[in-house]
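This is what each chain is made of:
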Amino acid sequence: MKLIFRYFFDAVKRFKAAFIIPLMLMLVMAVLSAATPYLFRLFAGNLSEDIAYFAVGIFIFAVYLLAQTFIKMLWNYLLDGFGGKYIKYLSRRLEGALISARLSDIDKSPEILKHILYYDVLSIYSVIAVQLPMAVKSLIVTIAAAAVGFFFGALYAAVILAAFAIGVLLSLASRKMIAAASRRTNVKMKEHSAVSSEFVDNLALAQANSLDGYYAAKTARSVDEFIATAKREDLKTYFWHGVVENYNQLFSIVLSALLALPFAGGSVVNLVFFTMLADIIMTQGMGVQSSLLSIMKTRVCFENADGILALGARKGDRHLQAIDRIEFRGATYSYSVGRNVIDGFECVMQRGDCVRISGANGSGKSTVAKLICGLYAPQKGEILFNGTPCGQFLQDDINRQVLYIGQEEPLLNESVRGYLSVIAGREVGEEEYRRLCAATQFEEGDIRICEEGKNLSPGQRKKIMMMKYLLLKDGASVVILDEAFAGLDCDGRQAFADMLNKDICRADKIYVIIEHADYSICISKVVEMQ
């Protein structure tokens, strides 16, 4: 809970103005809810045969309760705004932490990261904007109602609180038993799922070897075990739900009987008053318990977010004007223990070089490119830009100086011109866009990119990458082309090769070409990856 409260207080600290009004409304709601039985006591104590007094009193109560409803609506509305401000801030911090970190430091799969950025962030929002404020409000109402009860009858209030405490213990015990039974059922469900998956995966084997009897028996056994476990779960669930429900009914009977005894005065007003108090205390108290249990289940969401925020940022602080020389000194990198993708890599690239990096799949060609881009850091050895370790430079400067065109580079879900504008950091005008389309033979116009470019053909994607190259090449001192020719037709490949050769002949940049085939590029050096 300490971690959860840290996030909550951080939200309150950062967005005080958005939280202060909901806080005041919460206190008002607590007072109004606890005051309802007291106002009823005043009203019922003065009841007579005066119909006008009765009608006016009921009308006032209706307005009073309606006002509580509107206050609660406003409270929830404002809390949504407060929570929205915080998750916008938190989402930006998480994205910033991921962008600032090296890819090699991020130990979670893309699917897990997507889950954290969506589901876990929404769960944090639910806790901060709904469940935690609701628990605090219910706790205040419970305490206030108990205080009112002690003022008018300490014995009855003590009985109510004792019954409430027993009810909480029963509820916790029932949740624990039901959860344990549910876990056992889930295990059997997964086991049955594994049997079904095995059957489908081995369908050809089963057909060729007449294994229908084997799988029929295995499936029957799996289903029987699952159903038997599910039956036991149902019995426990219904039993414990019945215990809690019957306990609440028994408490109402005991309280009513106690208030009807002669020493209690047999007062109908007392009976209704303490019954109302008991209902408030039991309902709000159980609300606190339910909210806290829900909050505790989200702890892993806070831990996941905290893990991302704790990622170390790339800490270079030196400016990089241009890269004239790249030197790999014994650079080693491994994606998994026991196998180095590149091992003791040595290479020097200088302004004017066009270096072709070749080798089999998995030999480390793309890893070299990512090391130059600063996405990875060598685990041994070092990479120098102009004689200085590359990790000492600002990553934004490296991003400007190194232009990377990847083989499977995802595109943004924008129009093509909108995508180029975002990548360039400025607006690409219509006339400039038409020139880019003409230079790359892109004849589709300003079409919409969907699903990170999956709606486009490989050739269309490569032509958009060619436009990116034309747009950004003048500002870069290093150009990396990773399988940039794949997906282009013969005419497209030749046009792109001619374009590159003209730029390479200027000898004002370092070109790194990662290709399996030779596309008539003016190569000055070849590096063969083993």
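Residues numbered from 1 in each chain as written. Predicted model: local features only at pLDDT ≥ 70, side-chain atom pairs only at ≥ 80, totals over all residues. Heavy atoms only, no water.

**Details of the environment of Arg 184**
Here is step 1 of the chain: Inspection of the secondary structure assignment puts Arg 184 in helix H5 (residues 154–201).
Here is step 2 of the chain: Residues Arg 184 and Arg 461, 277 residues apart in the sequence, show an inter-C-alpha distance of 50 Å. (Helix = DSSP H or I, 4+ residues; strand = E, 2+ residues; numbered from the N terminus.)

**Overview of the packing of aromatic side chains**
Note on aromatic pairs: each is described by the distance of the centres and the angle between the planes.
Here is step 1 of the chain: By the definition in use, this model includes 20 aromatic pairs.
Here is step 2 of the chain: Measuring from centroid to centroid gives 5.1 Å for Tyr 333 and Tyr 335, while their planes differ by 80°, and the two rings are edge-to-face.
Here is step 3 of the chain: Overall, the relative accessible area of 4% leaves Tyr 333 in the buried class.
Here is step 4 of the chain: An aromatic cluster is built from Phe 5, Phe 8, Phe 9, Phe 19 and Phe 82, whose rings are joined through pairwise contacts. (Phe/Tyr/Trp six-rings, centres within 6.5 Å; stacked < 30°, edge-to-face > 60°. Buried < 20%, exposed > 50% of the residue type's maximum accessible area, 1.4 Å probe, protein only.)

**Points about the sheet that holds strand E7 (residues 478–482)**
Here is step 1 of the chain: Strand order in this open sheet of 5 strands is E6-E7-E8-E3-E9, and the pairing throughout is parallel. In this open sheet, the two strands that pair with only one neighbour each are strand E6 (402–405) and strand E9 (525–528). The average undirected angle you get between the axes of adjacent strands in this sheet is 15°.
Here is step 2 of the chain: Along the sheet, helix H10 (residues 365–373) makes contact with strand E3 (354–358), E6, E7 and strand E8 (510–514), crossing E6 at roughly 145°.
Here is step 3 of the chain: Of the strands in this sheet, E3, E7 and E8 touch helix H15 (residues 490–504), which is tilted by about 150° from E8. (Pairing = 2+ DSSP bridges. Axes fitted to C-alpha atoms, helices over the stretch in contact; angles between N-to-C directions. Contact = heavy atoms within 4.5 Å.)

**Here we look at the pattern of salt bridges**
Here is step 1 of the chain: Evaluated as defined, the whole model comprises 22 salt bridges.
Here is step 2 of the chain: A salt bridge links Asp 446 to Arg 417; its shortest N-O distance comes to 4.0 Å. Within this pair, whereas Asp 446 is found in the loop between helix H13 (430–440) and helix H14 (458–472), its partner Arg 417 is found in helix H12 (residues 416–424), the two being separated by 29 residues in sequence.
Here is step 3 of the chain: We note a salt bridge from Lys 473 to Asp 503, for which the minimum N-O separation is 3.0 Å. (Salt bridge = Lys/Arg side-chain N within 4 Å of Asp/Glu carboxyl O.)

**Regarding the pairing of E7**
A regular strand places its side chains so that they alternate between the two faces of the sheet.
Here is step 1 of the chain: Burial runs high along E7: 5 of the 5 residues are buried.
Here is step 2 of the chain: Both faces of E7 are covered, namely the face carrying Val 478, Ile 480 and Asp 482 and the face carrying Val 479 and Leu 481.
Here is step 3 of the chain: With 4 bridges connecting them, E6 and E7 associate as parallel partners. Each bridged residue has a counterpart across the sheet, and for Tyr 404 the counterpart in E7 is Ile 480.
Here is step 4 of the chain: Of the pairings in the sheet, the one linking E7 to E8 comprises 5 bridges and is parallel in character. Paired with Leu 481 across the strands is Ile 513, a residue of E8.
Here is step 5 of the chain: Traced from E7 through H15 to E8, the parallel crossover comes out right-handed. (Right-handed = clockwise from strand over helix to strand, strands pointing away.)

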